[in-house]
Amino acid sequence: GNSVTQMEGPVTLSEEAFLTINCTYTATGYPSLFWYVQYPGEGLQLLLKATKADDKGSNKGFEATYRKETTSFHLEKGSVQVSDSAVYFCALSEDPGAQKLVFGQGTRLTINP
Amino acid sequence: DGGITQSPKYLFRKEGQNVTLSCEQNLNHDAMYWYRQDPGQGLRLIYYSQIVNDFQKGDIAEGYSVSREKKESFPLTVTSAQKNPTAFYLCASSPPTTETQYFGPGTRLLVL
């Protein structure tokens, strides 16, 4: 079946460091790919998405490119802030008709000032 | 403001008791979902509904039940058959023709 694998956390960085959170997927067909962010004690918020190969999703300084050849959707940010501390989830759409999402296990990010 | 509300924020269950978690949305979305989140794990789908009066089991439906009598509402009941109910429960909804899901703030269920 379809699955998503994220790099294990937790990840701890200093403010203004470069961030990469790896995400790879296994899927039949051509799923859409998503990054969601969860701040402490809250629900998930959509951060960015890409719907086809070579698309780049971007938002709030974060970027991810849909790489079909490597089945990856790595999340990057050039200069992180303390306010970026959260848990990040990579996800794919399993079946556009059913609108179901499959999530990775999440990566906890902590940014120190 | 449009959005998804979940209540209560915290819920305590006694052994053998059924409890119901509320999820309401005023986004006019057709599809609604319930997920369970355990510490250090991703989200697992419990039930989903694409239209009123219809719903399907997700990956971990055992011990849970739902109803979808109104478009705006998708309550989840955690029954006594769910032996390990302690978790963070998230409700989501999505409009037609898109795979993007919008999440509520969650309910944390604890067992006394």
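Residues numbered from 1 in each chain as written. Chains lettered and ligands numbered in written order. Predicted model: local features only at pLDDT ≥ 70, side-chain atom pairs only at ≥ 80, totals over all residues. Heavy atoms only, no water.

> Help me out: how do you make sense of the interface of chain B and chain A in this one?
For an interface, size is often stated in terms of accessible area lost upon the parts coming together. Contact residues are listed per partner, giving 25 residues for chain B and 21 residues for chain A. For the pair chain B and chain A, the summed buried surface comes to about 1,700 Å²; carbon and sulfur atoms form 49% of the total. For the interface between chain B and chain A, the tally reads zero salt bridges. In this structure, the connection of chain B to chain A is made through four residue pairs in polar contact (both at pLDDT 80 or more). Tallied by class, the residues present in the side of chain B that touches chain A amount to 12 nonpolar, 11 polar and two charged. (Contact = heavy atoms within 4.5 Å. Buried area = accessible area lost by both parts, 1.4 Å probe. Salt bridge = Lys/Arg side-chain N within 4 Å of Asp/Glu carboxyl O. Polar contact = N/O pair within 3.5 Å; in protein donor to acceptor, adjacent residues only side chain to side chain. Nonpolar A, V, L, I, M, F, W, Y, C, P; charged D, E, K, R; others polar.)

> What am I meant to see in the nonpolar core here?
Soluble globular proteins: nonpolar side chains tend toward being buried together. All names here are of chain A. Formed by 26 residues in total, the largest nonpolar core has its most connected members in W35, L47, L48, F73, L75 and Y88. For this core, the secondary-structure elements that each account for two or more residues are strand 2 (11–14), strand 3 (19–21), strand 4 (23–26), strand 5 (33–38), strand 6 (44–50), strand 8 (62–65), strand 10 (86–95) and strand 12 (107–112). Looking at this core, the element that brings in the most residues is strand 10, giving four residues. For L75, the residues in contact, after removing those within four places along its chain, are L19, T20, I21, W35, L47, L48, F62, E63, A64 and Y88. (Core = buried A, V, L, I, M, F, W, Y, C linked by side-chain atoms within 4.5 Å. Buried < 20%, exposed > 50% of the residue type's maximum accessible area, 1.4 Å probe, protein only. Helix = DSSP H or I, 4+ residues; strand = E, 2+ residues; numbered from the N terminus.)

> Where do I start with the state of the cysteines in this structure?
Here a disulfide denotes one covalent bond, and it connects the sulfur atoms of two cysteines. Residue and element names in this part refer to chain B. Applying the stated criterion to the full structure yields two disulfides over all chains. C23 shares a disulfide with C91; S-S distance 1.9 Å. Taking the torsion about the sulfur-sulfur bond, which here is approximately -75 degrees, the covalent link between C23 and C91 counts as left-handed. Pair noted here: C23 is in strand 3 (residues 19–25) and C91 is in strand 9 (residues 87–94), with a separation of 68 residues, a long-range link. One exposure class covers both C23 and C91, and it is buried. (Disulfide = S-S within 2.5 Å.)

> Help me understand the packing of aromatic side chains in this model?
Both the distance between ring centres and the angle between the ring planes are used here to describe each pair of aromatic rings. Inspection of every chain in the model, using the stated rule, returns 13 aromatic pairs over all chains. Between A:Y36 and B:F103, the ring centres sit 5.5 Å apart and the planes meet at 80 degrees, which makes this aromatic pair edge-to-face. Linking A:Y36 in strand 5 with B:F103 in strand 10 (residues 102–103), this pair reaches from one chain into another. Summarising the burial analysis for this pair, A:Y36 and B:F103 share the class buried. Consider the rings of A:F103 and B:F103, whose centres lie 6.2 Å apart with planes at 75 degrees: the pair is edge-to-face. With A:F103 in strand 11 (residues 100–103) and B:F103 in strand 10, the pair connects residues from two separate chains. You'll find A:F103 and B:F103 in the same group, each marked buried. Linked through ring pairs, A:F34, A:Y36, A:F89, A:F103, B:Y33, B:Y35, B:Y48 and B:F103 together constitute an aromatic cluster. (Phe/Tyr/Trp six-rings, centres within 6.5 Å; stacked < 30°, edge-to-face > 60°.)

> Is there a simple way to explain the sheet that holds strand 7 (residues 56–59) of chain A in this structure?
Pairing between the strands of a sheet comes from backbone hydrogen bonds, and it takes one of two forms, parallel or antiparallel. Residue and element names in this part refer to chain A. Read from one edge of the open sheet, four strands run 3-9-8-7, paired in antiparallel fashion. Taken across any chain shown, the strands that pair with only one partner, and hence form the sheet edges, are strand 3 and strand 7. For this sheet, the mean inter-axis angle between neighbouring strands, taken without regard to orientation, is 15 degrees. In this structure, strand 7 lies alongside strand 8, joined through four bridges in antiparallel fashion. By the bridge assignment for strand 8, N59 is matched with F62. (Pairing = 2+ DSSP bridges. Axes fitted to C-alpha atoms, helices over the stretch in contact; angles between N-to-C directions.)

> How do you make sense of the side chain of A:T65 when you look at a structure like this?
Its place among the elements puts A:T65 in strand 8. Sequence-distant contacts of A:T65, that is, excluding residues within four places in its chain, are made with A:D54, A:D55, A:K56, A:S72, A:F73 and A:H74.

> Just to check I follow, could you spell out the environment of A:Y25 for this structure?
All names here are of chain A. Tracing the sequence through the fold places Y25 in strand 4. In the structure, Y25 is positioned 69 residues away from E94 in sequence and 11 Å away in space, judged by C-alpha atoms. Among residues more than four places away in sequence, those in contact with Y25 are S3, V4, P31, L33, Y66, R67, K68, T71, S72 and L92.

Note that every value here comes from positions in space, so none of it alone points to a role or purpose.
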